[in-house]
Amino acid sequence: MLVTTAEQLMMPEAVQPGRNWRRGAWVCAGILLMCAAFLMPYVLGGGTELVRLRNAWVMEDIRSVDFNWTPDAPPADFKLEPGPPMPFFVEKANTLGLAALPDDWQRVVVISKDLLSSAPALRGGAVQDDLLSTYRDITERGNGYCGDFVRTFSALALAADIPVRQWAFSFDGFGGYGHIWPEIWNRQQRKWQLVDIFNNAYFTGPDGQILSALAFRQAMLTKPDSIQMHRVVPTARPGYVEEAKAWDYYRRGLNEWYLWWGNNVFEYDQAWLVQALGDMHRSLEQVGGIVQGVQPHVQVLAEPANMRQLEAMWALHIRLRVLFVVSVLATLGLVFCWAAARRAKKNRGEATP
């Protein structure tokens with residue numbers, strides 16, 4: 001016999017097996033909406049805030065780290081490039097004649113000239129594409145921002161067997177407003193050397209020696225007048241026409257330095273999840289890199305001057321981890337409750353004469 005709505009409402013819960021499941025599905029959906037609401041300000045904040053989310057997710061815990069390691073004994077968790085370089089970049093390194101040059105700094109100059117002087121003019125603007133497309137966009141059309149130049153510089157350096165790592169600094173509490181530049185390990189001189197590839201600059205101390213990233217930063221903090229800035233490629237455009245603006249730029253970022261804990265540019269670029277999601281959006285590409293485990297972590301140069309920003313980022317890191325667990329559980333709960341509600345509805349329909 002048919003049951004009216006009024007009669008159904010008067011039935012005990014046991015007679016209405018689908019009702020609780022539907023209620024559970026709505027609760028899970030509400031939790032997912034609250035998780036999305038937490039992320040919405042970062043999404044609406046644009047690229048810099050999305051970078052903040054990424055950095056918070058991949059940052060290591062706040063601790064003092066020795067950044068003076070050498071490629072002979074890198075940290076165990078530093079993501080070194082595990083495989084051979086992409087054939088295109090090996091061929092490009094051969095075309096540039098890098099192996100025949102006497103030392104690694106001369107190789108840096110030739111790589112920099114290729115990136116800074118191949119296109120008729122450098123127009124700037126982020127490329128945010130795969131490694132090969134980014135290289136072609138820089139050298140053929142003059143596009144590319146600091147991150148694009150550093151990725152392609154690193155690819156060419158690794159193809160020439162030059163150890164490289166990537167330093168960055170920010171102006172907005174470790175968000176996306178900042179700069180990134182590579183540091184190479186000069187195998188002949190047995191020391192790190194910083195090069196600002198995007199701004200066509202390198203730096204020397206009072207003795208005329210090329211500074212490492214940490215030496216540059218320490219000199220900027222204590223004896224800024226002792227540093228000299230030079231163009232890597234004298235014939236290429238400078239990053240700043242007015243040198244004073246360059247110094248001000250570097251000075252403003254001194255308290256928010258961090259090192260990308262890996263140089264695996266080829267592994268990242270060829271990861272299947274990175275490639276699949278990269279066609280949709282740059283942020284999704286980076287999510288793919290995190291999920292597949294090829295996205296390097298961030299190791300912050302922690303000090304009292306940036307402890308407040310670090311604590312804020314670490315709090316965000318913890319909230320994101322909790323949010324992830326809650327979202328996964330809510331999604332599983334939603335699917336289970338929806339399936340159970342459908343099954344209960346089907347069973348109720350079969351039992352009704």
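We now turn to the structure provided with this report.

A short note on the overall build of the protein
Across its full length, the protein holds 13 helices and seven strands. Relative to its length of 353 residues, the protein is extended, with a C-alpha radius of gyration of 26 Å against a globular reference of 20 Å. Across its three principal axes, the protein shows a C-alpha extent of roughly 95 × 45 × 40 Å. Looking at the 353 residues of the protein, the share that counts as buried comes to 45%. Entry remark: accessible area of the protein is about 18000 Å², with carbon and sulfur atoms responsible for 60%. Looking at charge distribution, the protein has the averaged site of its 34 positive side-chain charges lying 7 Å from that of its 35 negative ones.

Some words on the packing of aromatic side chains
The full count for this structure, using the stated rule, is 37 aromatic pairs. Taking 5.6 Å as the distance between ring centres and 75 degrees as the angle between the ring planes, the aromatic pair formed by F78 and W261 counts as edge-to-face. Here W261 lies in strand β6 (residues 257-261) and F78 lies in the loop between α3 (47-58) and α4 (87-95), a separation of 183 residues in the sequence. With respect to burial, F78 and W261 carry one shared label: buried. Seen in terms of ring centroids, W185 and W192 are 5.3 Å apart; in terms of plane orientation they differ by 70 degrees. Their pairing is edge-to-face. Residue W185 shares its accessibility class with W192, and that shared class is buried. Over the aromatic face of W192 sits the side chain of R165, whose NZ or CZ is 4.0 Å from the ring centroid.

Quick notes on the sheet that holds strand β2 (residues 178-186)
Strand order across the open sheet formed by seven strands is β5-β4-β3-β2-β1-β6-β7, with antiparallel pairing between neighbours. Edge strands, defined here as strands with exactly one partner in the open sheet, are β5 (228-230) and β7 (297-300). Each strand axis lies, on average, 35 degrees off the axis of its neighbour in the sheet, ignoring direction. The strands that α3 touches are β6 and β7; relative to β6, the one it contacts most, it runs at about 65 degrees. Along the sheet, helix α9 (residues 243-252) makes contact with β1 (164-170), β2, β3 (191-196), β4 (201-204) and β5, crossing β5 at roughly 110 degrees.

Regarding the pattern of salt bridges
Within this structure, the stated rule accounts for 13 salt bridges. Residue D104 is joined to R107 by a salt bridge in which the shortest nitrogen-to-oxygen separation is 2.7 Å. Of this pair, D104 and R107 both sit in helix α5 (residues 104-117), separated by three residues, roughly a single helical turn. The structure contains a network of salt bridges with shared partners spanning E49, R52 and D172.

Here we look at the pairing of β2
Most of β2 is tucked away, with nine of its nine residues classed as buried. Burial of β2 is two-sided: the residues G178, I180, P182, I184 and N186 facing one way and the residues H179, W181, E183 and W185 facing the other way are all buried. As judged from the seven bridges shared by β1 and β2, these two strands associate in the antiparallel manner. If you follow R165 over to β2, its bridge partner there is E183. One ladder, built from four bridges, connects β2 with β3; its direction is antiparallel. In the sheet register, I184 faces β3, and the bridge partner there is Q193.

Notes on the packing of α3 against helix α12 (residues 282-292)
One can describe the packing of α3 onto α12 by two numbers: an axis separation of 11 Å at closest approach and a directional angle of 5 degrees. In terms of orientation, α3 and α12 fall into the roughly parallel class. Touching L50, R54, W57 and V58 of α3 are S283, Q286 and I290, all from α12. Residue composition of the contact of α3 with α12, grouped by class: four nonpolar, two polar and one charged.

Focus on a nonpolar patch on the surface
Judged by side-chain polarity, F324, V325, V328, L329 and L332 come together as a nonpolar surface patch covering roughly 480 Å² of accessible area. On the secondary structure map, V325 appears in helix α13 (residues 307-351). Taking relative accessible area as the criterion, V325 reaches 45% and is therefore assigned partly exposed.

A look at the nonpolar core
In summary, soluble globular proteins display a tendency toward joint burial of nonpolar side chains. Ranked by internal contacts, the top residues of the largest apolar core, which has 52 residues, are F89, L115, F153 and F266. Once you skip the residues sitting within four places of it in the chain, F266 turns out to touch E81, P85, M86, F89, L131, A155 and L158. Ranked by size, the runner-up nonpolar core spans 29 residues in total, among them W167, W185, L194 and M229.

Structural notes on the packing of α4 against helix α6 (residues 131-141)
Orientation of α4 relative to α6, taken along the N-to-C sense of each, is 40 degrees, at an axis distance of 10 Å. In terms of their interaxial angle, α4 and α6 are classed as oblique. Only L131, L132, Y135 and R136 of α6 make contact with α4, whose side of the interface consists of F88, F89 and K92. A class-by-class count of the residues in the contact of α4 with α6 yields five nonpolar, no polar and two charged.

What counts as what
Residues numbered from 1 in each chain as written. Predicted model: local features only at pLDDT ≥ 70, side-chain atom pairs only at ≥ 80, totals over all residues. Heavy atoms only, no water. Helix = DSSP H or I, 4+ residues; strand = E, 2+ residues; numbered from the N terminus. Rg over C-alpha atoms; globule rule 2.2 N^0.38 Å. Buried < 20%, exposed > 50% of the residue type's maximum accessible area, 1.4 Å probe, protein only. Areas by Shrake-Rupley, 256 points an atom, 1.4 Å probe, with all protein chains shown as cover. Lys, Arg positive; Asp, Glu negative; His and termini not counted. Charge placed at Lys NZ, Arg CZ, Asp CG, Glu CD. Phe/Tyr/Trp six-rings, centres within 6.5 Å; stacked < 30°, edge-to-face > 60°. Lys NZ or Arg CZ within 6 Å of the ring centre and 35° of its normal. Pairing = 2+ DSSP bridges. Axes fitted to C-alpha atoms, helices over the stretch in contact; angles between N-to-C directions. Contact = heavy atoms within 4.5 Å. Salt bridge = Lys/Arg side-chain N within 4 Å of Asp/Glu carboxyl O. Parallel < 35°, antiparallel > 145°, perpendicular 65-115°, else oblique. Nonpolar A, V, L, I, M, F, W, Y, C, P; charged D, E, K, R; others polar. Patch = residues over 30% accessible without salt bridge, like charges linked within 9 Å, V, L, I, M, F, W, Y side chains within 5 Å. Core = buried A, V, L, I, M, F, W, Y, C linked by side-chain atoms within 4.5 Å.

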